[in-house]
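Each chain is listed here by its residues.
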Amino acid sequence: MMVDFGLALLERHPKTALTQWMDDLDVLLPKLEGRFKSLWMTDHLFWGELFAYEAWTALSFLAARFPAFDVGPMVMGQSYRNPALLAKMASTLQVFSEGRFVMGIGAGWKEDEYRGYGYDLPSAGVRLEQLEETIEIFKLLWNQPGKVSYQGKHYRLDEAILEPKPVPVPPICVGVKGDKALRIAAKHADWWNISDANLTVFSDRMRVLDEHCEQVGRDPKSIRRTWFGRMVVGRTEAEANALSTSRETAWTRERAFVGTPAQIVEQMSAYTALGCNYFMVDIVGLPNDDVVGMITEEIVPGVQKAAG
């Protein structure tokens, strides 16, 4: 099984020089080429008073600046953008990037953003209905020729035209955890993603996803299983634990990969044994050369070798 790695980029940053984030990527990403396949941007409008970049704008810029990498949101909050317009945006980026875009989509959750930017925050059940309609609109606009009409409970199209079509059609990565949400993934997702999930949670959610696939008549193996979260690596376990407190949040082994390269290979291999074959990781300590070396020379090849 081939295991891929993506670099997760948070939208929020300390109030340092505005150019620091991009300066660091200019140094870092050439070192990751050939080991990391993709760049992923989280989609939030603000996080306290930190600097926060809008995800779609950043992804478009990243796709142009770093052509060796695929790009995708992890994941778009579907409520923040009109579904048909988002389908059009995705098609345009897919054309301009020559097929390097993955559409990550979720139901949205961060209440202070909704309130702060003037969006209605419907119930979780309504947001899931909206998510499913959004994915249905994506598929219609990307695949159906000519004028497209759609009448859902929450969204509609009236003879909409989307040209040019995306080539290839972007994979749809649905980032959800709940039982009802996983049924949407079973029906519509090319990829499924879960964030910050320990092995027990990952295994349980995989089981529920597989059950939904069987109920809707879909081969569970047709959905790629992916994981998003944090990685903290050090030459010693103590070094990794100390580094994990260098951000505003400290992580434990329960919800992140923390330890020496050998320990992290072992931790990740437990996930690949369950069927996970894509890790989108936010790596603490970058762009430090020692961290880069442990990731590219030990962890990535170690996990891929163990997965066979």
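Residues numbered from 1 in each chain as written. Predicted model: local features only at pLDDT ≥ 70, side-chain atom pairs only at ≥ 80, totals over all residues. Heavy atoms only, no water.

A count of helical and extended segments in the chain gives 10 helices and 14 strands. In summary, the chain has a C-alpha radius of gyration of 19 Å against a globular reference of 19 Å for 308 residues, a match within 12%. Dimensions of the chain along its principal axes, counting C-alpha atoms only, are 60 × 45 × 35 Å. The proportion of buried residues among the 308 residues of the chain is 53%. Of all intrachain contacts in the chain linking residues separated by at least 6 positions in sequence, the fraction that spans at least 24 positions is 73%. Carbon and sulfur atoms make up 53% of the accessible area of the chain, which totals about 13,800 Å². Here the chain holds 33 positive side-chain charges and 40 negative ones, and the gap between their average locations is 3 Å. (Helix = DSSP H or I, 4+ residues; strand = E, 2+ residues; numbered from the N terminus. Rg over C-alpha atoms; globule rule 2.2 N^0.38 Å. Buried < 20%, exposed > 50% of the residue type's maximum accessible area, 1.4 Å probe, protein only. Contact = heavy atoms within 4.5 Å. Areas by Shrake-Rupley, 256 points an atom, 1.4 Å probe, with all protein chains shown as cover. Lys, Arg positive; Asp, Glu negative; His and termini not counted. Charge placed at Lys NZ, Arg CZ, Asp CG, Glu CD.)

Nonpolar side chains tend to gather and get buried jointly when the protein is soluble and globular. Within the largest apolar cluster, 82 residues are counted, with the highest numbers of intra-cluster contacts made by Phe36, Trp192, Trp227, Met268 and Phe279. It is helix 10 (residues 289–307) that contributes the most residues to this core, eight residues altogether. (Core = buried A, V, L, I, M, F, W, Y, C linked by side-chain atoms within 4.5 Å.)

This part is about the pattern of salt bridges. The full count for this structure, using the stated rule, is 21 salt bridges. A salt bridge links Arg65 to Asp26; its shortest N-O distance comes to 2.8 Å. One end of the pair, Arg65, is in helix 2 (residues 55–65); the other, Asp26, is in helix 1 (residues 20–32), with 39 residues separating them in the sequence. Given a relative accessible area of 39%, Arg65 falls into the partly exposed group. (Salt bridge = Lys/Arg side-chain N within 4 Å of Asp/Glu carboxyl O.)

Here the focus is the packing of aromatic side chains. Per the counting criterion, the structure on display carries 21 aromatic pairs. Geometrically, the ring pair formed by Trp191 and Tyr278 is tilted, given 5.3 Å between the ring centres and 40° between the ring planes. Placement of the pair is Trp191 in strand 11 (residues 191–195) and Tyr278 in strand 14 (residues 276–283), with a sequence separation of 87 residues. Grouping residues by exposure puts Trp191 and Tyr278 together as buried. With a centroid separation of 5.3 Å and 55° between ring planes, the pair formed by Phe202 and Tyr271 is classed as tilted. Taken as a pair, Phe202 in helix 7 (residues 199–216) and Tyr271 in helix 9 (residues 261–272) lie far apart in primary sequence, 69 residues in all. Here Phe202 and Tyr271 have matching classes, each one buried. Ring pairs connect the aromatic residues Phe5, Phe36, Trp192, Phe202, Trp227, Phe257, Tyr271 and Phe279, which therefore count as one cluster. Positioned over the ring face of Phe46 is Lys110, at 5.0 Å from the centre of the ring. (Phe/Tyr/Trp six-rings, centres within 6.5 Å; stacked < 30°, edge-to-face > 60°. Lys NZ or Arg CZ within 6 Å of the ring centre and 35° of its normal.)

Read these as geometric descriptors, not functional statements.
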